[in-house]
Amino acid sequence: MNAPLSPPLAMLMELTHRCPLKCPYCSNPLALDRARDELDTATWKRVISEAAGIGILQAHFSGGEPMVRSDLPELVRHARAEGLYTNLITSAVLLNAARMAELADAGLDHVQISFQGADAAVADHVAGFRDAHEKKLTAARLVREAGLALTLNAVVHRQNLHQLSAMIDLAVEAGAQRIEVAHVQYYGWALKNRAALIPTRAQLDEATRIVTAARANLAGTLTIDYVVPDYYAARPKACMGGWARQFFNITPSGKMLPCHAAETLPGLVFERVTERSVGEIWAHSSAFEKYRGTGWMAPPCQGCARAEIDWGGCRCQALALTGDAGATDPACGLSPDHAMMAALAIAESGAAVDDFAYRMIS
């Protein structure tokens with residue numbers, strides 16, 4: 001049985017797939033949308049209004065790099081007029097004082113800046129972009145000077161985990177209220193670089209120790225969210241709060257997805273907001289209904305006491321590792337594929353692979 005459908009909490013708008021960085025764990029799909037196919041300003045504003053009409057509370061502006069869109073302040077202003085909390089998810093390398101002033105004037109509430117390391121040598125290498133780290137530090141200062149809330153997103157992996165303590169210190173020094181220490185998740189482009197990115201078990205244990213200690217020491221100063229790599233988990237995370245339960249994503253060309261990686265799943269038809277309203281897709285799309293709730297689950301998920309806690313885990317990960325999007329997420333210790341996932345973690349975390357296949361839009 002599936003529970004009655006509730007309004008979604010948040011919408012992620014991938015305004016563009018264009019991005020100056022070349023991150024080897026890029027979460028955008030393998031096939032990127034081109035600039036010529038991006039939704040225009042009027043369509044994005046209609047989408048925002050329709051999303052507000054079905055009850056979302058948060059509008060997240062993302063990409064690629066959303067700041068390559070000149071209409072970003074106009075879209076932020078429209079979202080605020082619709083009563084939504086607005087969040088910019090950015091690499092920040094294009095965020096200068098003039099752009100910051102425009103966004104603050106438009107009513108932007110929050111900025112989330114990704115950091116690839118604690119110093120330029122590591123961070124610029126991971127990002128594949130010279131002077132990225134220095135630009136991010138400047139942007140963080142501009143956000144705080146504008147009076148906006150700031151989150152640092154520290155994407156961590158084998159090649160930068162030795163800087164985790166320093167990245168947490170950096171967040172405090174930057175005046176951030178929150179840092180998300182997010183281990184890379186391995187699907188899409190990150191799967192190509194798994195052997196260069198996946199941490200050892202010892203690294204993960206040390207990272208967990210560092211986060212635990214920092215949470216105690218910085219209580220009341222900095223909130224630390226911590227997302228562990230599924231390859232070392234005993235239970236899966238509730239991906240996006242459950243498939244099509246709390247969240248949806250709009251691609252640059254207007255496809256509406258239950259999660260940002262959903263296009264990796266074969267056989268699903270993702271409808272476009274240019275052809276059907278946001279509300280209709282949310283409530284009636286066959287792709288959204290496919291893995292919504294618990295009715296689709298097979299044993300051991302079906303009947304499990306955690307079925308409505310982790311909602312079956314990640315469908316994209318299940319497909320990537322088992323070839324079956326409907327299989328139990330191998331991150332779960334009850335999955336018949338769990339041992340295979342753990343063995344992959346051990347094998348690849350010990351691989352002598354340091355070079356990245358960088359992500360570049362061509």
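The structure we're discussing is the one just above.
Residues numbered from 1 in each chain as written. Predicted model: local features only at pLDDT ≥ 70, side-chain atom pairs only at ≥ 80, totals over all residues. Heavy atoms only, no water.

Looking only at helices and strands, one finds 14 helices and nine strands in the protein chain. In terms of principal-axis extent, the alpha carbons of the protein chain reach across some 55 × 45 × 45 Å. Residues classed as buried in the protein chain amount to 54% of the 362 residues present. Pairs at least 24 apart in sequence give 72% of the contacts found in the protein chain among residues at least 6 apart. Just so you have it, the protein chain exposes about 14800 Å², and 53% of that area is on carbon and sulfur atoms. Here the protein chain carries 33 positive and 38 negative side-chain charges, and the mean point of each set is 1 Å from the other. (Helix = DSSP H or I, 4+ residues; strand = E, 2+ residues; numbered from the N terminus. Buried < 20%, exposed > 50% of the residue type's maximum accessible area, 1.4 Å probe, protein only. Contact = heavy atoms within 4.5 Å. Areas by Shrake-Rupley, 256 points an atom, 1.4 Å probe, with all protein chains shown as cover. Lys, Arg positive; Asp, Glu negative; His and termini not counted. Charge placed at Lys NZ, Arg CZ, Asp CG, Glu CD.)

Bringing the sheet that holds strand β8 (residues 247–250) into the picture now. The nine strands are arranged β7-β6-β5-β4-β3-β2-β1-β8-β9 in an open sheet whose pairing can be described as mixed. The open sheet terminates on both sides in strands that have one partner only, identified here as β7 (223–227) and β9 (256–257). With respect to the sheet, helix α5 (residues 132–145) is in contact with β4 (110–115) and β5 (149–156), its orientation differing from that of β4 by roughly 160°. Helix α6 (residues 164–174) rests against β4, β5, β6 (178–183) and β7 of the sheet, and its axis sits at about 170° to β5. (Pairing = 2+ DSSP bridges. Axes fitted to C-alpha atoms, helices over the stretch in contact; angles between N-to-C directions.)

Residues F61 and F248 are the most contacted members of the largest nonpolar core, which totals 109 residues. At six residues, the largest contribution of residues to this core is made by α6. (Core = buried A, V, L, I, M, F, W, Y, C linked by side-chain atoms within 4.5 Å.)

Moving on to the pattern of salt bridges. Here the structure, examined in full by the defined rule, presents 18 salt bridges. Among the ionic pairs, E206 bridges to R209, the shortest N-O distance being 2.7 Å. With E206 and R209 both in helix α9 (residues 201–217), this residue pair falls three residues apart, about one helical turn. Notably, a salt bridge pairs R306 with D310, separated by 3.5 Å at the nearest N-O pair. Residue D310 is classed as buried on the basis of its relative accessible area of 8%. The network of salt bridges with shared partners includes R18, E38, R69 and D71. (Salt bridge = Lys/Arg side-chain N within 4 Å of Asp/Glu carboxyl O.)

Given two aromatic rings, one states the distance between the centres and the angle between the planes to describe the pair. The final tally for this structure, using the stated rule, is six aromatic pairs. Summarising the aromatic geometry, the rings of W243 and Y291 are spaced 5.3 Å apart at their centres and angled 85° between planes, so their arrangement reads as edge-to-face. Of this pair, W243 sits in the loop between β7 and β8 while Y291 is found in the loop between α11 (286–290) and α12 (307–310), placing the two residues 48 residues apart along the sequence. Pair check on accessibility: W243 and Y291 agree, each one buried. (Phe/Tyr/Trp six-rings, centres within 6.5 Å; stacked < 30°, edge-to-face > 60°.)

For the rest of this paragraph, the subject is the environment of A287. Mapped onto the elements, A287 comes out in helix α11. According to the relative accessible area criterion, A287 is buried, its value standing at 0%. Distance in space between the C-alpha atoms of A287 and T43 is 22 Å, their sequence separation being 244 residues. Ignoring any residue separated from it by four or fewer positions in sequence, one finds A287 in contact with W243, P258, L268, V269 and F270.

This paragraph deals with the side chain of E65. Assignment of secondary structure puts E65 in the loop between β2 (58–62) and α2 (72–81). Ignoring anything within four residues of it in the chain, the contact list for E65 reads T16, R18, C19, P20, T90, S91, A92 and L94.

On to helix α13 (residues 315–322). Most of α13 sits out of view: six of its eight residues are buried. Listed in full, the buried residues belonging to α13 are R315, C316, Q317, A318, L319 and L321. Where the residues of α13 are buried, they touch α8 (194–197) and α14 (338–349). A positive phi of about 80° marks G323, the residue just after α13.

Once that is clear, we can look at the environment of F115. Tracing the sequence through the fold places F115 in strand β4. Given the relative accessible area of 2%, F115 is considered buried. For the pair F115 and L170, spaced 55 residues apart in sequence, the C-alpha separation works out to 9.8 Å. The residues contacting F115, other than those within four sequence positions of it, are H133, K136, L137, L152, N153, A154, V155 and L170.

A few words now on the pairing of β4. In terms of burial, β4 is a largely internal element, six of the six residues being buried. What you see with β4 is no split at all: H110, Q112 and S114 on one side and V111, I113 and F115 on the other are buried throughout. The pairing of strand β3 (residues 85–90) with β4 spans four bridges and is parallel. Following the sheet pairing, T90 is matched in β4 by I113. After leaving β3, the chain enters helix α3 (residues 97–106) and then returns to the sheet as β4, a path that is right-handed. Here β4 pairs with β5 via six bridges, running parallel. By the bridge assignment, S114 is partnered in β5 with N153. (Right-handed = clockwise from strand over helix to strand, strands pointing away.)

A word on the side chain of R315. By secondary structure assignment, the location of R315 is in helix α13. No salt bridge is formed by the buried R315; the nearest opposite charge belongs to D329, separated by 5.3 Å. Ignoring anything within four residues of it in the chain, the contact list for R315 reads W243, L265, Y291, W296, A325, G326, A327, T328 and D329.

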